[in-house]
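# Examination of the molecular architecture
In case you want the letters, here they are:
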Amino acid sequence: MIKFNHVNKWYGRDHHVLKNISLEVKQGEVVVVCGPSGSGKSTLIRTINQLEPINDGEIWVGDVQVTSPKTDINKLRAEVGFVFQHFNLYPHLSVLENITLAPIQVKGMSKADAEAQALTLLERVGLSDKKDAYPSNLSGGQQQRVAIARGLAMNPKVMLFDEPTSALDPEMIGEVLQVMKTLAESGMTMMVVTHEMGFAREVADRVLFLDQGVVLEDAHPETFFTNPQHDRAKQFLRQIL
Ligand code: ADP
Ligand code: MG
């Protein structure tokens, strides 16, 4: 479903941020990406929907070559949901309007259909009673669940998450991880940058460990946690576990 073929990216001339990355995420797989701050995790997943261009190599989502100049970026972004650390909801729109905006404007869905779908999604993330609320009246955890519902409203093939719980108060992390877990169980293909190693252990099919733009480890969670191959990974795990 997602494929990187020898991907390289530089910021400016000197900063080689992604170094010859090749990887595959199969349909329905959940892959957690971890690694030290600045190792290139955000850059890596942002290249998948062209939020960041690459210099060299190829990225595919299904049969769409993301990195081809012929690719329709808007169509691609409709198929690749993205959830950010800071929820990025539209503050002047209600919860319902946040979720229906793209389906109506990008997909040409009717308002009635988009709203019916939004209500189903809100039920899925446990927020049916908040459809008319505005983002500023929701907790961080609730806002992030709305952001997930908004991503799902485009019926994406893939969902990407960049540290979805790092901006949350500790007591709200669980509710967001639970929604992500349910999504994973429903068969969604997911790539998740996170330091929540409990989630990685419980939900991920594979863990990637990124260090200085290189995928150092690509392993089943059990293998990664009990028998990491590289000292950098061992050191990282000692620091966060
Ligand atoms: P991570 O998400 O693992 O913390 P990032 O992908 O955000 O890492 O960043 C990797 C490296 O690239 C860091 O050194 C960061 O400072 C640098 N970087 C990130 N975004 C940009 C940018 N837009 N321009 C220049 N350098 C950047
Ligand atoms: Mg990051």
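Residues numbered from 1 in each chain as written. Chains lettered and ligands numbered in written order. Predicted model: local features only at pLDDT ≥ 70, side-chain atom pairs only at ≥ 80, totals over all residues. Heavy atoms only, no water.

If you check an unreviewed UniProt entry, the protein chain appears there as Polar amino acid ABC transporter ATP-binding protein from Iodobacter fluviatilis. Recorded under Sequence similarities (unreviewed entry), the UniProt text for the protein chain is reproduced unchanged: "Belongs to the ABC transporter superfamily." (UniProt positions renumbered as here; feature names shortened; annotations may be inferred.)

Our focus in this paragraph is the nonpolar core. Counting 49 residues, the largest nonpolar core has Ile99, Ile148, Met159, Phe161, Met180, Met190 and Phe224 as the members making the most contacts within it. Ranked by the residues each element gives to this core, the list is headed by helix α6 (residues 170-185), at eight residues. Look past the residues within four positions of Ile148 in its chain and what remains in contact with it is Val83, Met159, Phe161, Val176, Val179, Met180 and Leu183. Counting 27 residues, the second-largest nonpolar core is a separate cluster that includes Ile59, Val66, Leu76 and Val193. (Core = buried A, V, L, I, M, F, W, Y, C linked by side-chain atoms within 4.5 Å. Buried < 20%, exposed > 50% of the residue type's maximum accessible area, 1.4 Å probe, protein only. Helix = DSSP H or I, 4+ residues; strand = E, 2+ residues; numbered from the N terminus. Contact = heavy atoms within 4.5 Å.)

Before going further, it helps to examine the UniProt feature "domain: ABC transporter" (unreviewed entry) in the protein chain. Under the feature "domain: ABC transporter" (unreviewed entry), the UniProt entry names residues 2-237. This span, residues 2-237, is 37% helix and 25% strand, and a straight line between its end C-alpha atoms measures 26 Å.

Around ligand 1, the surrounding shell consists of Tyr11, His15, Val17, Pro36, Ser37, Gly38, Ser39, Gly40, Lys41, Ser42 and Thr43. Ser42 places a polar side-chain atom, nitrogen or oxygen, 2.9 Å from an oxygen atom of ligand 1. Among the elements that line the shell around ligand 1, the one with the most residues is helix α1 (residues 41-46), at three residues. Residues of the shell around ligand 1, tallied by class, amount to three nonpolar, seven polar and one charged. (Near = heavy atom within 4 Å. Polar contact = N/O pair within 3.5 Å; in protein donor to acceptor, adjacent residues only side chain to side chain. Nonpolar A, V, L, I, M, F, W, Y, C, P; charged D, E, K, R; others polar.)

Going through the model one piece at a time under the given rule, you end up with 14 salt bridges. Residue Glu52 pairs with Arg46 through a salt bridge whose shortest N-O separation is 3.9 Å. Among the salt bridges present, the one from Glu202 reaches Lys181, with a minimum N-O distance of 2.7 Å. Of this pair, Glu202 sits in helix α7 (residues 197-203) while Lys181 is found in helix α6, placing the two residues 21 residues apart along the sequence. When salt bridges that share partners are traced, they join Lys9, Arg46 and Glu52 into one network. (Salt bridge = Lys/Arg side-chain N within 4 Å of Asp/Glu carboxyl O.)

This part is about the sheet that holds strand β4 (residues 56-61). Taken together, the four strands give an open sheet; going across it, the order is β2-β1-β4-β5, and neighbouring strands pair in antiparallel fashion. Edge positions in the open sheet fall to β2 (15-25) and β5 (64-65), since each of these has one partner strand only. Inspection of the sheet shows strand β1 (residues 2-11) paired to β2 by seven bridges, in the antiparallel sense. Residue pairing across strands places Phe4 opposite Leu23, the latter belonging to β2. (Pairing = 2+ DSSP bridges.)

Our focus in this paragraph is the side chain of Thr47. Its location among the elements puts Thr47 in the loop between α1 and β4. In this structure the side chain of Thr47 is engaged in a polar contact, spanning 2.6 Å, whose partner is the backbone oxygen of Leu44. Look past the residues within four positions of Thr47 in its chain and what remains in contact with it is Phe4, Lys9, Leu18, Glu52, Ile54, Ile59 and Val66.

Turning to the packing of helix α3 (residues 95-105) against helix α4 (residues 111-124), a few remarks are in order. For any two helices packed against each other, one specifies the inter-axial angle together with the distance between the axes. Where α3 contacts α4, the axes come no closer than 9 Å and their chain directions differ by 125°. Classified by the angle their axes make, α3 and α4 are oblique. Of the two elements, α3 crosses α4, and the hand of that crossing is right-handed. Listed contacts from α4 to Val95, Leu96, Ile99, Thr100, Pro103 and Ile104 of α3 are Lys111, Ala114, Glu115, Gln117, Ala118, Leu119, Leu121 and Leu122. (Axes fitted to C-alpha atoms, helices over the stretch in contact; angles between N-to-C directions. Parallel < 35°, antiparallel > 145°, perpendicular 65-115°, else oblique. Left-handed = near helix turned anticlockwise from the far one by under 90°.)

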